[in-house]
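# Coordinate inspection notes
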Amino acid sequence: MGSTMAMVLEFIAVLALLATSATAQYNSGTATFYGGQDGSGTMGGACGYDNLYNAGYGVLNAALSQVLFNDGASCGQCYAITCDTTRSAWCKPAYSVTVTATNLCPPNYAINGWCNPPRPHFDMSQPAWEQIGVYRAGIIPVLYRRVPCARQGGVRLTITGFNYFQLVLVTNVAASGSVQSMAVKGANTGWIAMTRNWGALWQCSSALVGQGLSFMVTSTGGQTVYMNNVVPAWWTFGMTFTSNVQFYR
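Nothing here was measured: the structure is a model prediction, and the numbers come from that model. (Residues numbered from 1 in each chain as written. Predicted model: local features only at pLDDT ≥ 70, side-chain atom pairs only at ≥ 80, totals over all residues. Heavy atoms only, no water.)

## Remarks on the sheet that holds strand 14 (residues 224-231)
- Across the sheet, 4 strands lie side by side as 10-9-13-14; this open sheet has antiparallel pairing. The sheet terminates laterally at strand 10 (191-193) and strand 14, the two strands that pair on one side only. On average, each strand axis in the sheet is inclined to that of its neighbour by 25 degrees, with strand direction left out of account. (Pairing = 2+ DSSP bridges. Helix = DSSP H or I, 4+ residues; strand = E, 2+ residues; numbered from the N terminus. Axes fitted to C-alpha atoms, helices over the stretch in contact; angles between N-to-C directions.)

## A short note on the UniProt feature "domain: Expansin-like EG45" (unreviewed entry) in the chain
- Residues given the UniProt feature "domain: Expansin-like EG45" (unreviewed entry) here are residues 44-154.
- Helix makes up 7% of residues 44-154 and strand 31%, and the two end C-alpha atoms of the span are 21 Å apart. (UniProt positions renumbered as here; feature names shortened; annotations may be inferred.)

## Concerning the side chain of Ser125
- One can find Ser125 in strand 5 (residues 121-125).
- Here Val59 takes part through its backbone oxygen, which lies 2.5 Å from a polar atom of the side chain of Ser125.
- Apart from residues lying up to four places away in sequence, Ser125 is in contact with Phe33, Tyr34, Thr42, Val59, Leu60 and Asn61. (Polar contact = N/O pair within 3.5 Å; in protein donor to acceptor, adjacent residues only side chain to side chain. Contact = heavy atoms within 4.5 Å.)

## With respect to the side chain of Ser243
- Along the chain, Ser243 turns up in the segment after strand 15 (240-242).
- A relative accessible area of 8% places Ser243 in the buried class.
- A polar contact of 3.2 Å, which involves the side chain of Ser243, links it to the backbone oxygen of Val245.
- Sequence-distant contacts of Ser243, that is, excluding residues within four places in its chain, are made with Gly154, Val155, Met227 and Val230. (Buried < 20%, exposed > 50% of the residue type's maximum accessible area, 1.4 Å probe, protein only.)

This is the structure in structure tokens:
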């Protein structure tokens, strides 16, 4: 009975998130593209995701201008983007694309660049951009809004660093798409708060090698999930582990 009620509450939460997204107001911005026809040039980036296929994101992605990037707090968030036909003849009318924030489009104050504050700008992968704009335009006005992220499988954790310093990359995050806070617990420790190092990488300065690890992660949507014993004691740096939990807000 308890598990059935939990499933019902989760379903209601998902419907509420979708309803909120559907009625959310579109904002005006601009968009360019980079990374080549296959999107390979968008791999890596300021969020730390490296191979975007392995991270669960593919090539429908974008680098955000500084005002949208929010010092990395927006990494993993999803945006529905359409070309603004009222401001350009270079649009593909009635087309929309959803992209994941995976990189920073840095400001260039020497030339008053498109990614300078306070401009909301998306430097999209070419495959994503060409779904809404005509290639020859190069830059188009767009309408955008945050939307829930759809992901396959559970949240993934990649551990790097060295003996007394762990960096944990959190990927494949659904719903709000981004992480607000997290903590780690070793087999021989209590919960240890982690801090954002950069992008989607979170750090901990503790001796955790040789211990099984659990994680407590809170999304920017306000949901906290527990990944108990998700990392076995035999883990080594560079390994990725997939949890059996996912976010719905």
